[in-house]
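Here is how the chains run, residue by residue.
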Amino acid sequence: MPFSVFRKTIILFTLCAFLCCSCATSFKSTSPNAACRQFDSYTSDYFDRQMLGNGFNLQFFLQDTSKYSGARMSLGDYSYEAMKSAQKDWIEEIHTLKKIPYDQLDSKRKQTYDVLLNYFRRKLDFSDLCLCAQDLSPTIGIQSQLPVLFSEYRFTSKTDLDNYLTLLRSVTGYFDGLCRFQEEKAKHHSFMNKEACLKVISQCKDFLNNKTLSSNILSTSFTNRLNHCSFLTEQERKKYIQKNHRILMNSVFPSYEKLIATLSALISKGSCDHINGLCSIKNGKDYYEYLVRDNTGCSLSVPEIKAMIQQALLQDVQSLQQLLQQHPNLEQHTPSKNLKEPDAIIKDLEQKMAEDFPSSNTLTYEFKTVDKNLQDYLSPAFYITPPLDNPQNNVIYINPQKTEDLYTVLAHEGLPGHMYQNAVFASTHPDPIRYLTECGGYMEGWAVYAELLSYQYQYSDTTVATALQLNTTFSLALYCLCDLGVNYEGWSLFDLQHFLRTYNVTDSTVCKNIFQAVIEDPTNYLKYYVGYLQIIALRDVLKKTQGTNFRLKDFHQTLLIFGPADFDTLNKWMPILMAS
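Residues numbered from 1 in each chain as written. Predicted model: local features only at pLDDT ≥ 70, side-chain atom pairs only at ≥ 80, totals over all residues. Heavy atoms only, no water.

Counting its regular elements, the chain contains 22 helices and four strands. Taken along its principal axes, the extent of the C-alpha atoms in the chain is 70 × 65 × 50 Å. Relative to its full complement of 580 residues, the chain shows a buried share of 59%. Counted over contacts in the chain with a minimum sequence separation of 6, partners at least 24 positions apart contribute 79%. Accessible area of the chain: about 24,200 Å², with a carbon and sulfur share of 50%. Charge-centre separation for the chain: the mean point of 56 positive side chains lies 4 Å from the mean point of 61 negative side chains. (Helix = DSSP H or I, 4+ residues; strand = E, 2+ residues; numbered from the N terminus. Buried < 20%, exposed > 50% of the residue type's maximum accessible area, 1.4 Å probe, protein only. Contact = heavy atoms within 4.5 Å. Areas by Shrake-Rupley, 256 points an atom, 1.4 Å probe, with all protein chains shown as cover. Lys, Arg positive; Asp, Glu negative; His and termini not counted. Charge placed at Lys NZ, Arg CZ, Asp CG, Glu CD.)

Written out as structure tokens, the structure reads:
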């Protein structure tokens, strides 16, 4: 099969504050023993602190925010000092958690405890390496996510509107910190390379091209949402629109202009002084190891992960060769795509996945199109997680400029991918703290797993479906090995081209694009593919140990009910839960 560039998808999470603020908790527990009550009190307090410390967190995690009227309406403190001091916070969280008698907790709380402890330990490693952070990547950087997040802010009252405008004003301080951080990175010789920097500048300029407000996403989306605010009079609506316009002109647009000026000045000073991967900058190799652990949720060493990927790639190559020998015309085959409308595709997926997955409650969802000024940069599609207290508010953004096969895209983002995954987990009413522990490997690994299964739903010809599955995993494996080679082993563009040539990838433009992609977003592809491989490995182990008692639908249900977690925790608990 021809080599294809695997699409990148993201789930947009809110921006987390680096420093927590203390607060009293109103949590009351009916837990059976003191240890459980102590644990519940701790998780409730931790969740409260995160909600009160950042207005964006609050808005996107909860629809009913009345409990947190004193929340800090700010995007947070984006600074090197705040990142460094966060190390003390993670240490304190670990110490507090370890004071709770683990052996006296029930099974559910032990699971949450394990997830939390591993999460805190991973985050602790970041503080010493934060100057290596890739915070302005062209595809999933702060500058590209903010407009979308603000456009999704819900207005259910005047308080929401006032809070939104306050948060919008705070873009000034947030971007000031962001600019200073880029200057710190330049001093550290860890600033982004020139090509990535030029992309970010171009992206910011595109955003600013609509300063007339007639078509800027932060103007049009605000006005559209106000049209549905029945609690406003026409006069109030006009006043809020005027306030929004003033803040855009006086705060948001100047902030993007300042970011452009800062990045341009750093280019002029020669700060884009590295052209290779992370390992070419100070502490870059250590940071890459941290990123691998944090983004994949896998505790294997980088060499062990590389060996795992190489073995999987070899199996894919052998399987593809075998298929092509048996079906020599397969490589020229162009599969037909009958369904084109998103709603029809979701309904088709829902019907066909029923044999492999437990049924879920009826899901409500909305499709939105990525703003035309962001289409050049954002992913082909992404799913925005709904509030904890309104899990039916599902939104999937589609980027028409980059979406080729909408069926597999919606399998990844919708059913049985992210939207389904979130719905099943939410139906268990988990401790809210579980939503704060990022587990990218689990989440994106599951979405890849779901996407690969969808080829069987889309094509009645099993040979075609298998070939497309293998082509996808083959492409992902190559990307991951390129990522490891460039960012961990120090490959140059020439080295990458030499590696890809062994797999018949010879197009110089394709090679250069891959080289730049893995530099801009280190470990991004590993998050998807290693997560997927870990899920497959877990499934195969359980299938072997359970023998005839193994049911694929039970495995899917147990994994989704357990929820996002690192794979050490999943490997510990899944055999226990599947056997019960």
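Structure shown, so let's carry the discussion forward.
Now for helix α12 (residues 302-326). The first and last C-alpha atoms of α12 sit 36 Å apart over 25 residues, in line with the 36 Å expected at 1.5 Å per residue. Among all positions of α12, only Val 302, Ile 305, Met 308, Ile 309, Ala 312, Leu 313, Asp 316, Leu 320 and Leu 323 are buried. (Expected span 1.5 Å × (residues − 1).)

On to the packing of aromatic side chains, then. A full pass over the atoms with the stated rule returns 36 aromatic pairs. With a centroid separation of 6.2 Å and an interplanar angle of 40 degrees, the aromatic rings of Phe 550 and Phe 555 are classed as tilted. Of the two residues, Phe 550 and Phe 555, neither departs from the other in class, the shared state being buried. Put simply, the rings of Phe 56, Phe 60, Phe 150, Tyr 153, Phe 155, Tyr 164 and Phe 222 touch in pairs and so form one group of aromatic residues. Over the ring of Tyr 240 we find Lys 243, and its NZ or CZ is 5.2 Å from the ring centre. (Phe/Tyr/Trp six-rings, centres within 6.5 Å; stacked < 30°, edge-to-face > 60°. Lys NZ or Arg CZ within 6 Å of the ring centre and 35° of its normal.)

Moving on to the pattern of salt bridges. Following the criterion strictly, the structure yields 19 salt bridges and no others. The partner of Glu 438 in a salt bridge is Lys 123, and the shortest N-O contact between them spans 3.5 Å. Taken together, the residues span a long stretch of sequence, with Glu 438 in the loop between α15 (418-426) and α16 (440-458) and Lys 123 in helix α4 (residues 107-124) at a distance of 315 residues. Judged by relative accessible area, Lys 123 falls into the buried class, the value being 11%. Linking Glu 236 and Lys 158 is a salt bridge whose minimum nitrogen-to-oxygen distance equals 2.6 Å. Placement of Glu 236 in helix α10 (residues 234-268) and of Lys 158 in helix α6 (residues 158-169) is noted, with a sequence separation of 78 residues between them. (Salt bridge = Lys/Arg side-chain N within 4 Å of Asp/Glu carboxyl O.)

Residue Pro 416 is reached from Leu 415 by a cis peptide bond, and omega for that bond is 0 degrees. Note on placement: Pro 416 falls in the loop between α14 (406-413) and α15. Although it is not a glycine, His 429 adopts a positive phi angle of roughly 50 degrees. Its place among the elements puts His 429 in the loop between α15 and α16. Exposure remark for His 429: the relative accessible area of 69% places this residue in the exposed category. In this structure, Thr 523 takes a positive phi of about 70 degrees despite not being glycine. Tracing the chain through its elements places Thr 523 in the loop between α19 (508-520) and α20 (524-546).

Here the focus is the confidence of the model for the chain. Confidence along the chain averages 90 in pLDDT terms, with 94% of residues attaining 70 or more. Segment residues 1-29: pLDDT under 50, and 117 contacts once partners within four positions in sequence are set aside and those in other chains are kept. (pLDDT = per-residue confidence, 0-100.)

As a further point, take the side chain of Ser 79. Mapped onto the secondary structure, Ser 79 falls in the loop between α2 (55-61) and α3 (80-98). In this structure the side chain of Ser 79 is engaged in a polar contact, spanning 3.0 Å, whose partner is the backbone nitrogen of Ala 82. (Polar contact = N/O pair within 3.5 Å; in protein donor to acceptor, adjacent residues only side chain to side chain.)

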